[in-house]
Amino acid sequence: MFIYLSKKIAIPNGVNLSSAAWNQDQGWIACGGEGGLLKVLKLDTQQGGDARVKGVAAPSNLSMNQTLEGHNGTVCCVTWNSNYRKLTTSDQNGLIIVWMLHKGMWFEEMINNRNKSVVKDMSWTSDGLKICIVYEDGAVIVGSVDGNRLWGKELGMELAFVQWSPDGRHILFVTLEGEVKIYDNLGNKLSQLPLYALEGSQPGSVRIIGIHWYDGSEGHTDT
């Protein structure tokens, strides 16, 4: 089975995009690019028509195309909090902005800038109550949905990605060297995740370009 997004969206002035995130629950798409470009789009699937056409292949229109002002540098990281209808973005200067939806429009809610390093990745827990922010220099900050800092640590390694486990009990950190470390939700190291597909390769020779924790909801095989 093949699924695809049959909607072509033009970006003003041919600005290069560097990040994108899709909120599947509410149909929003956020995309960030050079010069502080940040847009939020809303896809609405048309009602009626052929009932056999479903999902992302169904005809759709843009009901929202809002440009958000606040970033100056290239927007390199965007992530959604579906439960609380928040969008978190960060740019090349380390500026983090949390956006909230109010009366059908997105507004700036909170701003933070550590002024030391670049944000490499951000991840919300599945319940939307906590966010983990990782910086390239190894700093990790976990905060609550209301903006309070819960804890922070210096892990002493260059970080690339972060991902919460579905139950929020563990955090995966991916280093620029291609290693995956498992920590508990308080920042205590537990173990290193073995990557069997990379066995035999030299350390640091393979770069990991993405990570996602599968919750097993669709089953799995042992092969």
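Look up a bit, the structure's there.
Keep in mind that this is a model prediction, so the values were computed, not measured.

## Considering the sheet that holds strand 12 (residues 149–154)
In step 1: A sheet is described by the order of its strands in space; here four strands give the open sequence 9-10-11-12, paired in antiparallel fashion. Each having just a single partner strand, strand 9 (119–124) and strand 12 make up the two edges of the open sheet. This sheet shows a mean twist of 15 degrees between the axes of neighbouring strands, independent of strand direction.
In step 2: Strand direction decides the pairing type here: strand 10 (residues 130–135) and strand 11 (residues 139–144), joined by five bridges, are antiparallel. By the bridge assignment, Val134 is partnered in strand 11 with Val140.

## Topic: the pairing of strand 15 (residues 180–184)
In step 1: The buried count for strand 15 comes to five of five residues, which makes it a mostly enclosed element.
In step 2: By the alternation rule, side chains of strand 15 split into Val180, Ile182 and Asp184 and Lys181 and Tyr183, which are all buried.
In step 3: Here strand 14 (residues 170–175) hands over to strand 15 after four residues, with Gly178 in that stretch at a positive phi of 90 degrees.
In step 4: Judged from the three bridges that link them, strand 15 and strand 16 (residues 189–192) form a sheet pairing that is antiparallel. Within strand 16, the position partnered with Ile182 by the bridge is Ser191.

## As for the sheet that holds strand 5 (residues 75–81)
In step 1: Taken in spatial order, the four strands make up an open sheet running 5-6-7-8, and their pairing is antiparallel. Only two strands of the sheet have a single partner each, and these edge strands are strand 5 and strand 8 (105–113). This sheet shows a mean twist of 20 degrees between the axes of neighbouring strands, independent of strand direction.
In step 2: Relative to strand 8, strand 7 (residues 95–102) is paired through eight bridges, and the arrangement is antiparallel. In the sheet register, Met100 faces strand 8, and the bridge partner there is Phe107.

Conventions used here
- Along each chain, residues carry numbers from 1 onward, in the same order as the chain's sequence is written.
- Reporting in this predicted model follows two pLDDT cut-offs: at least 70 for local features of residues, and 80 or more for side-chain atom pairs to be given and counted; totals over whole chains, interfaces and linings ignore these cut-offs and use all residues.
- Water and hydrogen atoms were dropped before computing side-chain values, which therefore reflect all heavy atoms in the structure.
- Here the rule is simple: two strands pair whenever DSSP picks up at least two bridges between them.
- Helix and strand definitions here come from DSSP, where helices need a minimum of 4 consecutive H or I residues and strands a minimum of 2 consecutive E residues; each element is numbered from the N-terminal end.
- Fitted lines through C-alpha atoms serve as axes, helices being fitted only where they are in contact, and the angles separating the N-to-C directions of these axes extend from 0 to 180 degrees.
- Per-residue accessibility, obtained with a 1.4 Å probe over protein chains only, is compared with the maximum for each type, and a residue is labelled buried under 20%, exposed over 50%, and partly exposed between these values.

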